[in-house]
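Next come the chains, spelled out residue by residue.
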Amino acid sequence: MEKKDANDLLKKVRKIEIRTKALSHQIFAGEYHSAFKGRGMTFSEVREYQYGDDVRNMDWNVTARMRSPYIKVFEEEREMTVVLLIDISRSGLFGTAGQNKRDMIAEIAAVLSFSAIINNDKVGAMFFSDRVEKFIPPKKGRSHLLHIIREILEFQPEHNGTDIGEALRFLTNALKKRCTAFLLSDLIDVDGDGNPNYEDALKVAVNRHDLSVIEVHDPRERTLPDVGFVHVKDSETMSAAWIDTSSKKMRSAYEKWFADLSAASSRLFLKYKVDNVSISTDSDYVKGLMAFFQKR
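Here's a quick rundown of the structure. Bear in mind that the values here come from a model prediction, so they are computed numbers and not experimental data. (Residues numbered from 1 in each chain as written. Predicted model: local features only at pLDDT ≥ 70, side-chain atom pairs only at ≥ 80, totals over all residues. Heavy atoms only, no water.)

**A look at the overall build of the protein chain**
Counting its secondary structure elements, the protein chain contains eight helices and ten strands. Buried positions account for 45% of the 296 residues belonging to the protein chain. Excluding contacts between residues fewer than 6 apart, the proportion of contacts in the protein chain whose partners are at least 24 apart in sequence is 75%. Entry remark: accessible area of the protein chain is about 15,800 Å², with carbon and sulfur atoms responsible for 50%. (Helix = DSSP H or I, 4+ residues; strand = E, 2+ residues; numbered from the N terminus. Buried < 20%, exposed > 50% of the residue type's maximum accessible area, 1.4 Å probe, protein only. Contact = heavy atoms within 4.5 Å. Areas by Shrake-Rupley, 256 points an atom, 1.4 Å probe, with all protein chains shown as cover.)

**Description of the packing of helix α3 (residues 101–118) against helix α4 (residues 142–154)**
Contact pair α3 / α4: the axes reach a minimum separation of 10 Å and the direction vectors enclose 170 degrees. Overall, the two elements α3 and α4 adopt an arrangement that is roughly antiparallel. Here Ala106, Ala109, Ala110, Ser113, Phe114 and Ile117 of α3 come into contact with α4, specifically with Leu145, Ile149, Ile152 and Leu153. Taken together, the residues of the contact of α3 with α4 sort by class into nine nonpolar, one polar and no charged. (Axes fitted to C-alpha atoms, helices over the stretch in contact; angles between N-to-C directions. Parallel < 35°, antiparallel > 145°, perpendicular 65-115°, else oblique. Nonpolar A, V, L, I, M, F, W, Y, C, P; charged D, E, K, R; others polar.)

**With respect to the pattern of salt bridges**
On inspection of all chains with the given rule, the structure shows eight salt bridges. Of the charged contacts, one joins lysine 134 and glutamate 151 as a salt bridge, the two residues approaching to 3.0 Å between their closest N and O atoms. Of this pair, lysine 134 sits in strand β5 (residues 132–139) while glutamate 151 sits in helix α4, and the two are 17 residues apart along the sequence. The class for glutamate 151 is buried, based on a relative accessible area of 11%. Between glutamate 199 and lysine 271 there is a salt bridge; the shortest N-O distance is 2.9 Å. Of this pair, glutamate 199 sits in helix α6 (residues 199–208) while lysine 271 sits in helix α7 (residues 248–271); the two residues are 72 residues apart in sequence, bridging distant segments of the chain. Exposure remark for lysine 271: the relative accessible area of 55% places this residue in the exposed category. (Salt bridge = Lys/Arg side-chain N within 4 Å of Asp/Glu carboxyl O.)

**Concerning the sheet that holds β5**
Reading across from one edge, β5-β4-β3-β6-β7-β10 is the order of the six strands in this open sheet, with mixed pairing throughout. Only two strands of the sheet have a single partner each, and these edge strands are β5 and β10 (275–280). For this sheet, the mean inter-axis angle between neighbouring strands, taken without regard to orientation, is 15 degrees. Of the pairings in the sheet, the one linking strand β7 (residues 210–217) to β10 comprises six bridges and is parallel in character. When the sheet's bridge partners are listed, serine 212 is paired in β10 with aspartate 275. Along the sheet, helix α8 (residues 285–295) makes contact with β6 (180–185), β7 and β10, crossing β10 at roughly 170 degrees. (Pairing = 2+ DSSP bridges.)

**Quick word on the nonpolar core**
Ile86, Ile108, Leu184 and Ile214 are the most contacted members of the largest nonpolar core, which has 32 residues in total. Put simply, the parts of the chain that give this core at least two residues each are β3 (81–87), α3, β4 (122–128), α4, β6, β7, β10 and α8. For this core, the element with the most residues is α3, which contributes eight residues. Excluding residues that lie within four positions of it along the chain, isoleucine 214 makes contacts with Ile108, Leu112, Phe182, Leu183, Leu184, Ser185, Val277, Ile279 and Leu289. (Core = buried A, V, L, I, M, F, W, Y, C linked by side-chain atoms within 4.5 Å.)

**Description of α4**
End to end, α4 covers 18 Å across 13 residues, agreeing with the expected 18 Å (1.5 Å per residue, within 8%). Among the residues of α4, His144, Leu145, Leu146, Ile148, Ile149, Glu151 and Ile152 are the ones counted as buried. (Expected span 1.5 Å × (residues − 1).)

**Details of α3**
For α3, spanning 18 residues, the distance from its first C-alpha to its last is 26 Å, which sits close to the expected 26 Å at 1.5 Å a residue. Two or three places before arginine 102, at the opening of α3, asparagine 100 has a side-chain oxygen 3.1 Å from that residue's backbone nitrogen. Residue asparagine 120 follows α3 closely and has a positive phi angle near 65 degrees. (Polar contact = N/O pair within 3.5 Å; in protein donor to acceptor, adjacent residues only side chain to side chain.)

**Overview of the environment of isoleucine 149**
With respect to the secondary-structure elements, isoleucine 149 resides in helix α4. On the basis of relative accessible area, isoleucine 149 is assigned to the buried category, the value being 1%.

**Examining unusual backbone geometry**
Non-glycine residue arginine 67 carries a positive phi angle of around 55 degrees. When you line up the elements, arginine 67 lands in the loop between α2 (60–66) and β2 (70–76). Accessibility expressed as a relative area gives 80% for arginine 67, which makes it exposed. The phi dihedral of lysine 273 is positive, around 55 degrees, even though this residue is not glycine. By the secondary structure assignment, lysine 273 is in the loop between α7 and β10.

**Digging into the pairing of β3**
Among the seven residues in β3, seven count as buried, and that is most of the element. Burial of the side chains of β3 extends over both faces: Thr81, Val83, Leu85 and Asp87 are buried on one face and Val82, Leu84 and Ile86 on the other. As defined by bridge partners, β3 adjoins β4 across seven bridges and the pair is classed as parallel. Paired with valine 83 across the strands is glycine 124, a residue of β4. As defined by bridge partners, β3 adjoins β6 across five bridges and the pair is classed as parallel. Bridging across to β6, isoleucine 86 finds its partner in leucine 184.

These figures capture arrangement, not role.
Structural data, given as structure tokens:
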């Protein structure tokens, strides 16, 4: 990397660190803690049974040995492992509202990372396109966190497409212990009928991990302006075509396609009880994340 590029990167890292660290300390730390802490329980000790204790926690081996009823005592896990699944496919480079989707995903990922570090959690990151491009195993510490943020800002994928299912399968196979995972994506990964391609992988992942989805979209993806003939190109498949945006029928068909896509993913998350939030690049993601945390 040239010196100028390195200096520019360091400035970006420092800028995003200052902003997101402040947000994490002032706003998100408490919400993050209450939303995600205590989801797991770990064995602590055994003690004699007391009136009102849950008999489902009875330790029958100790009870038999001591000839007196004993129960297992559990406590909340105070340390979590957080993994960020970051979509870096080329569709993330689209943006019409001051920043593109990938930039917003990067800042949200940084906020979540700082919130985790504040709570003494391990943080890892996975970058995926139509395959897993890079995996950073979970660790603690500021230097590790800044390494993740640098990768978020500068990592260049080798492939263009999107395969959310592949990312979820990797998560399921790579982390055997239950973790808190955030999928950050525009969720544009559907079949010819507009159905999400990743249902099977999602079904398995949510049974293994505490998975949440943060969708980032651009407002121009949902509606097309009436500006006549426009040459459009799919950034992932590289297919191109001319479309007549002055056609009301064409604009309506496109809006319906995107609405159906959003509805299909919402039904999928509802079916498997996956917490999710949709954030637009022209909105304040702080409000979106706060509402998301409070909803959990």
